[in-house]
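Listed below are the residues making up each chain.
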Amino acid sequence: MRTVSTVPFTDQKPGTSGLRKQVKTFQKPGYLENFVQSIFDSLPELSGGTLVIGGDGRFFNDKAIQTILSMAAANGVKKALVGQSGLLSTPAASCVIRKYGADGGFVLSASHNPGGPNGDFGIKYNGKNGGPVVESVTEKIFARSKVIESYKITDNDDVNLEKAGLDRIDSMQIEIFNSVTDYANMMEGLFDFDAIRRMFASGFEICFDAMHAITGPYAKEIFVKRLGTSAGSLMNAVPLPDFGGGHPDPGPTYAKELFAKMFSDKAPNFGACSDGDGDRNIVLGKNTYVSPSDSLAIITANAHLAKGYKKGIAGVARSMPTSRAADRVAEKLGIECFETPTGWKFFGNLLDAGRITICGEESAGAGSDHVREKDGLWAILMWLNIIAVSGKSVEDILKDHWQEFGRNYYARHDYESVDKIKAEKIMRTVEQQLAELPGKSFHGETILKADSFAYTDPIDGSVSKNQGMRIDFESGSRFVLRLSGTGTVGATLRVYLEKYVPPTGDLAQDTHKTLADLDLIANEIAKIKSTLERESPSVIS
Ligand code: G16
């Protein structure tokens, strides 16, 4: 074991989902080591404890795992459980941490961000409950990273990650385990695999795009081996370090081939895709796109059709910018509904306390209390279970839902890689107007309320401020503005637009046309396009 002197980096503040930087940054001497040591220093219980380690297989995954193993051994970790070949989807990591009572886990991923030597890398630390650690812990890690002077590491040969079995570094035991089995077993316990298998056998066709990211091996085991769909139902199912040059971002922009197929004459009954680390999902029907906010509402309304949720659900939570479609379902079911800041870590306390069963976000994430992460394949299986039991198509499920609850037209406009100073100026421009906006009218819409979202955690009372600007209109429409916490270049400004139409209104309008006025108003108030000198967002979803 060696103690190596180091100099702090100033930019190791974890964002929405861990520390996410360009690979080149992580390759700087000491960069990865400093952050990992800051975690060990902030969580002394890891000495003598058990750690889970794995990642989405992106470039630098294997190297980072070897470094973390050597540092874990040097920091007194008793046992390391490592996904075979270094692979572990984010929800599977959460599943394994919980199942084997580990003290925590390193999840290596930059999610949907591109991979490869010129792409991004990331590290997330999850705690004992299997979820991303809360803000007070990430703050502690960041504070430590600013003053760190040395890190501990052992000199050892690389551990062979390819073969399941036992190994050790000094006195630390290492177990390389099958990355898929525990997770697949858990899914089989939650969903009615017999019903889905019968549906597949009767000719129901699916297409799942793993985007050359982590879900390929999981999809093969679950969809092909256990549920009996054909191997041809899977696209891009082999994980690659650079995701085949694509962005593993499950949306129309990057999952082009899948979307083209689902909107063609030859569309199968059901389409879906997931992201880099397998925690996000998008669900599609024949010529039908299900927005993540609608998906959350539909899952909340129908979860009781799946065997793991037969008893009903305790409550639901959504991140603040997510559309309020789920709120209407909660009202009808008479269950609690929470609005939390963006970031899965804010759901953890509510899940642990049993206040919610289901949660989700507009950014293509949904999950439940089965783990403490959002879970792409879980959401896809939930949909398949709902379809198998109800006998309805995706399109009919969506239409029937709107018919019952009304429709929250919704879109997110992203201005990516913009100048940080300009993006912050836009946020300040809105902030300065907050007090005077209520009562003012723009293009026929009158503002009811305007605030900067602050969240008080109902379980531990912690307060998170500055979580985005909310502008609510008397009509029930709103727009939200916030800066992304996951980008690695400049800043990303997100503008979320939402308009509610009741069941008696026109439920078949074009989303983007319907929201055009709100977009105009947001621009008038926030001066987005003029400040950024951009005519349009980089991505509309
Ligand atoms: C992460 C978080 C999510 C968040 C998303 C986007 O997801 O876990 O809670 O909604 O980023 O965050 P932002 O709007 O700050 O970019 P993932 O899948 O990227 O880890």
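Use the structure listed above.
What comes next is a walk through the structure. (Residues numbered from 1 in each chain as written. Predicted model: local features only at pLDDT ≥ 70, side-chain atom pairs only at ≥ 80, totals over all residues. Heavy atoms only, no water.)

### As for the pairing of strand β17 (residues 358–361)
Side-chain alternation along β17 places Ile-358 and Gly-360 on one buried face and Cys-359 and Glu-361 on a second face that is also buried. Pairing analysis gives three bridges linking strand β15 (residues 315–319) to β17, with the strands arranged parallel. Paired with Val-316 across the two strands is Ile-358, which belongs to β17. Pairing analysis gives four bridges linking β17 to strand β18 (residues 365–368), with the strands arranged antiparallel. Bridged to Ile-358 within β18 is Ser-368. Where β17 hands over to β18, the hairpin turn is made up of three residues, of which Ala-364 adopts a positive phi near 70°. (Buried < 20%, exposed > 50% of the residue type's maximum accessible area, 1.4 Å probe, protein only. Helix = DSSP H or I, 4+ residues; strand = E, 2+ residues; numbered from the N terminus. Pairing = 2+ DSSP bridges.)

### Some remarks on the side chain of Thr-154
Summarising the element assignment, Thr-154 is placed in the loop between β7 (150–153) and β8 (165–169). Classification of Thr-154 as buried rests on a relative accessible area of 5%. Of the polar contacts made by the side chain of Thr-154, one reaches the backbone oxygen of Ser-70; its length is 3.3 Å. Within the structure, Thr-154 has its side chain in polar contact with the side chain of Asn-156 (distance 2.8 Å). The contact partners of Thr-154, leaving out residues within four places of it in the chain, are Met-1, Ser-70, Ala-73, Ala-74, Ile-169 and Asp-170. (Polar contact = N/O pair within 3.5 Å; in protein donor to acceptor, adjacent residues only side chain to side chain. Contact = heavy atoms within 4.5 Å.)

### Side note on the pattern of salt bridges
Counted under the stated rule, the structure contains 35 salt bridges. Between Asp-275 and Arg-280 there is a salt bridge, and its shortest N-O distance comes to 3.8 Å. The class of Arg-280 is buried, set by a relative accessible area of 11%. The salt bridge involving Glu-498 is made with Arg-324; its shortest N-O contact spans 3.4 Å. Placement of Glu-498 in strand β26 (residues 491–501) and of Arg-324 in the loop between β15 and α11 (325–333) is noted, with a sequence separation of 174 residues between them. By the burial criterion, Glu-498 is buried, and Arg-324 matches it. (Salt bridge = Lys/Arg side-chain N within 4 Å of Asp/Glu carboxyl O.)

### Some points on the nonpolar core
Ranked by internal contacts, the top residues of the largest apolar core, which has 101 residues, are Phe-223, Phe-270, Trp-378, Leu-384 and Leu-481. Among all residues touching Trp-378, those that are not within four sequence positions of it are Tyr-183, Met-187, Leu-190, Phe-191, Ile-299, Tyr-309, Ile-358, Ala-366, Gly-367, Ser-368 and His-370. Of all hydrophobic cores here, the second largest spans 42 residues; its members include Tyr-31, Val-36, Phe-60 and Ile-68. (Core = buried A, V, L, I, M, F, W, Y, C linked by side-chain atoms within 4.5 Å.)

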